[in-house]
Amino acid sequence: MLESHDFSKFFREVHGVEPFPWQKRLLEKVAREGAWPATLDLPTSSGKTATLDIAVFHLALQANLHIERKAPVRIVFVVDRRLVVDDAYVRAGKLEKALQNPAAGSVTEEVAACLKKWSLDGPPLIARRLRGGLPREDDWARTPSQPTVLCSTVDQIGSRLLFRAYGVSDSMKPVHAGLIGSDCLILLDEAHLAEPFRQTLEWVQLYRSDKWRHSTYSAPFGVASLTATPGAGVIDPFTLEQDDKAHPILKRRLEASKPVKLLRVENEDARQQTFVTEVRQALENSEGKIKAVGFVVNRVARARSLFEKLRTELSQEHIDLMLLIGPARPAQRDQIAQRLEPIRTGAENARKSLEKPLIIVATQTIEVGVDIDLDALFTEVAPLDALRQRFGRLNRNGRDITPSAAIVAINEEVGARSSDPVYREAIVHTWKVLDTNATTTGKGKNKQKSVDFGLNNFPVTPAPMEALSPKSNAPVLMAAHVDLLSQTSPVPAADPEVALYLHGPSRQPDGITVIWRADINPEWKDQDLPRLLALLPPRSSEAIELPVWAVRRWLTQEGHALDELADVPSMSPEVQERDGKSRLVFRWKGLNERSEWVTPDKLRAGDTIIVPVTYGGVDEYGWHPLSKNRAIDLADTAALAYRGRRFTLRIAPGLLGDDVESDHLSNVLASVQGERWEVVRDAVARLALPDDVKGQIKLLAQARGKRGRSAVELHFDLYGVNADDEPRGLVFVAPKGLHGEASEEEGRPNATEDDVSGSLPGFAQSLAQHSMEVEARSEAFARAAGLPNDRVLDLKLAGFLHDEGKRDPRFQRWLHHGDPLGADPHDENTVLAKSGRSLPRDARDKAGLPPHWRHEAQSVRLARVHARLQDARDKDLVLWLVGTHHGHGRPLFPHADPNESGNEVGPQSLAFDWNGLDWPTLFQSLKARYGVWELARMEAILRLADHRASEAAAKERDDK
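These notes cover the structure that comes with them.

### Topic: a negative patch on the surface
A contiguous patch of negative charge, built from Glu661, Asp663, Asp724 and Asp725, is present on the exposed surface. In this structure, Asp725 sits in the loop between strand E24 (713–715) and strand E25 (730–734). A relative accessible area of 58% means that Asp725 is categorised as exposed.

So, in structure tokens, the structure goes:
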């Protein structure tokens, strides 16, 4: 049986080293008390990401507990910063891999076996990174009890927690809220950088408490703030103790000296020239010992400017220069970040192998998340806490060296009346504190001031509050606000602004996800972009997250430098739109009518937009609003991780290089319309195509066959037609993927959110069979999630009743392809839950279904008189779960039904009466009973059971 003292052996098996004393002590404390300390006061380089190991091991220790379990199954590591390297995610991936392939007889094998209790058919642990809210990128949310480590940002996690998940459809928002707001541990890294969100989390914890619900059961939930700068008012923080300080590795890191020169110059040009001079001197005096140099500046634009100056003034033959900024596309940034591997902390042999010094120009993004060990570091002046984070990367491992370092300030920015747009007056106070506490050496022109930024040697302890990064306070999250936020269908007009609770009233979040594609054009009015994007969905690895103001200014003021953008949340500047400069963007809302071309003024936080590559604005290093160069389309690169379930190849203008004229392509495509896909492929292959496109065309020969159907589908209509009525482009789709590729659940909707994806999946299934399968899976999910037995039984019953509304004769006529007789009500085998036939667009109207009619509302109407409802422990809850199993009806439905009248109306009507409650009042009653997040979690359990049951049925038919 697994015990607490096994943690050290588990740690050694996974990481090859012994845990630090504080890591073992924290595990013992959490296991003993069943809860995490509110604050972990741990210095930089002390190994804070090991909290993930502790949380996972704590969960494994509780494998034999049910409703008594205190360890959440989801562990979320949150950083309020764009990261160039997410070391927490790297560590989580290492844990995932170790637990999937443990050595026989090891403690890791025992931990994996314990975690399998919750993962059911899944792996013991999954590690995922939420880098942007995009439709369908929610494979972490496939089951309610899968042990999971999520690494993400305040925006992505906070918006999900508050029922406004950025980039997620309204119907799926409750699922994400239920999974993040219940059975979840939130580890808020560098919490001093995210004070508003920390305050909001305190309110969430209050509203989850017994004071705000009638039910005695609540899923585990916890919050722990990790910070090296806890600030005043922290009660009983968890800190390093004497055995930690005496540990040989920590002792070396804590005692390392880091003398930093204080330099003042007249202007920005002088500062950049000083940076060049400092690095030249450091390299010349090091006799080749300096292998890694960092520069940190406070604005994205200044980072680019310094990067270009260093590239011009330093010989590229003798240095390796790189730029790291937060707003970059992960598919490219991850490749750049691989160059950091030789200078990772402790990688001494790799460091020695560097043939020339690696020089990094970075923004604030380097302050958090990246475990690198620099020999020299030069930075702009910033608040004390930011500077300590930056110099935490200098001689991080406490090597026996004398590092080179300097803080360079412009006279004006440290003047008494100066106020920085990002850091306000903190820079002025910081410089005053540093100047006062500096050590002075030399005289006259050789006079030099310096401050030791070593962890134990820093002279300013505690730091004065006015010299720290400004912290906004979040508005009070009132109960009325929670009530409004919990309404997702529809979202209320008086909707609280979620960003205020995440960043405070004076800070701007990363609000827009931007993706560049080469095969879209706002002038192609007949292009079917929703369908095209559904076949090759936007992925976070090809996206950049940017503040709303920055995107609007880029689209409306071509050539503006956007100097204000920093890699920390900051105040948004005024944006004055210029006439005639606005460019259209495609707002992606999934496969529905809300996906459309819009002007910049229509953009809102949480939007995902697709822009033509001809707009420029990005290069290999990331966001570059001044660039007019054509961007690179990364859709194929981003899709590589998902291929296996479906392979998509686009043949369209913009993707094929300059040698292929649009008219010639259209002419070739027109000549082969109606031919077999092999004929079309060969005709396209004869064009003068780039090598990468030729390579992808060859891959089509590996397309897997589909039962009795072609292995490849052809879509000639997605790009519209030219003036000669010829198709502009073509999309090849291999629905079952390619031979030899790993099978991924790609190509099938990840969530049956609507009647089209949920009821027309391409195969027929009876209602009786589907109801039985969802009933069984709901029970299994609810038990694995640790719900009390009464709630398990209610979810099981809701699974059985959820699709009863599909018995409606009109719905059956639709599923039976307009057959006026529809199903035979006396033959259960003819009553369908899903249809395998392709239905014309007007089939619903011909079947007599009202616009936007929702079968789940009819399910409620039928369920309340169903004999099995008497088995419910909480009939209110069962009816609610049935009515919301597609995310609608929270609290209003989008349709009216003329066939209903009197006392027999469904919940879409204000006349609905269930024991004196209408549908919205039932919602209020259940929220008071269970709490908003626990109610959402139970909805998520049923909905995910429905999704997985439908997915399993589809896979079974595909495999036949």
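Picking up after the structure, the text goes on.
### Section: the packing of helix H1 (residues 7–15) against helix H3 (residues 51–61)
For the pair H1 and H3, the least separation of the axes is 11 Å and the interaxial angle reads 125 degrees. On the basis of their axis angle, the class for H1 and H3 is oblique. When you trace H1 past H3, the crossing you get is right-handed. Contacts between H1 and H3 pair Phe7, Phe10, Phe11 and His15 from the former with Asp53, Ile54 and Phe57 from the latter. Broken down by class, the residue content of the contact of H1 with H3 amounts to 5 nonpolar, 1 polar and 1 charged.

### Thoughts on helix H32 (residues 919–930)
In this model H32 runs 17 Å from its N-terminal to its C-terminal C-alpha over 12 residues, within 8% of the 16 Å that 1.5 Å per residue would give. When we look at burial in H32, the residues that qualify are Trp919, Leu922, Phe923, Leu926, Lys927 and Tyr930. Each buried residue of H32 lies within a common arc of 135 degrees when the element is viewed along its axis, so the set occupies one face. Count one or two residues on from H32 and you reach Gly931, which has phi positive near 90 degrees.

### What to know about unusual backbone geometry
For the peptide bond that leads from Thr461 to Pro462, omega is -5 degrees, which places it in the cis range. Tracing the chain through its elements places Pro462 in the loop between strand E15 (448–452) and helix H17 (479–485). For the peptide bond that leads from Ser489 to Pro490, omega is 0 degrees, which places it in the cis range. Along the chain, the position of Pro490 falls in the loop between H17 and helix H18 (498–503). Here the phi dihedral of Ser45 falls at roughly 75 degrees; this positive angle occurs in a residue that is not glycine. By the secondary structure assignment, Ser45 is in the loop between strand E1 (39–41) and H3. According to the relative accessible area criterion, Ser45 is buried, its value standing at 9%. At Asn395, a residue that is not glycine, the phi angle is positive and equals roughly 45 degrees. Mapped onto the fold, Asn395 is located in the loop between helix H15 (384–391) and strand E13 (404–410).

### A closer look at the layout of surface pockets
The space that makes up the second largest pocket amounts to roughly 1,000 Å³. Lining the second largest pocket we find 41 residues, and of these Gly47, Thr49, Arg91, Arg253 and Asp371 sit closest to its centre. Broken down by secondary-structure element, the contributors of at least two residues to the lining of the second largest pocket are H1, strand E2 (74–79), helix H4 (87–100) and helix H10 (248–255). The dominant element in the lining of the second largest pocket, judged by the number of residues it contributes, is H4, at 5 residues. Considered class by class, the residues forming the lining of the second largest pocket number 13 nonpolar, 13 polar and 15 charged.

Rules behind the numbers
Residues numbered from 1 in each chain as written. Predicted model: local features only at pLDDT ≥ 70, side-chain atom pairs only at ≥ 80, totals over all residues. Heavy atoms only, no water. Patch = residues over 30% accessible without salt bridge, like charges linked within 9 Å, V, L, I, M, F, W, Y side chains within 5 Å. Areas by Shrake-Rupley, 256 points an atom, 1.4 Å probe, with all protein chains shown as cover. Salt bridge = Lys/Arg side-chain N within 4 Å of Asp/Glu carboxyl O. Lys, Arg positive; Asp, Glu negative; His and termini not counted. Charge placed at Lys NZ, Arg CZ, Asp CG, Glu CD. Helix = DSSP H or I, 4+ residues; strand = E, 2+ residues; numbered from the N terminus. Buried < 20%, exposed > 50% of the residue type's maximum accessible area, 1.4 Å probe, protein only. Axes fitted to C-alpha atoms, helices over the stretch in contact; angles between N-to-C directions. Parallel < 35°, antiparallel > 145°, perpendicular 65-115°, else oblique. Left-handed = near helix turned anticlockwise from the far one by under 90°. Contact = heavy atoms within 4.5 Å. Nonpolar A, V, L, I, M, F, W, Y, C, P; charged D, E, K, R; others polar. Expected span 1.5 Å × (residues − 1). Arc of directions from axis to C-beta. 1 Å grid on protein atoms, 1.4 Å probe; cavity = no way out; pocket = protein on both sides within 12 Å on 5 of 7 lines; lining within 4 Å. Points joined across faces, edges and corners; volume = space filled by probe spheres on them.

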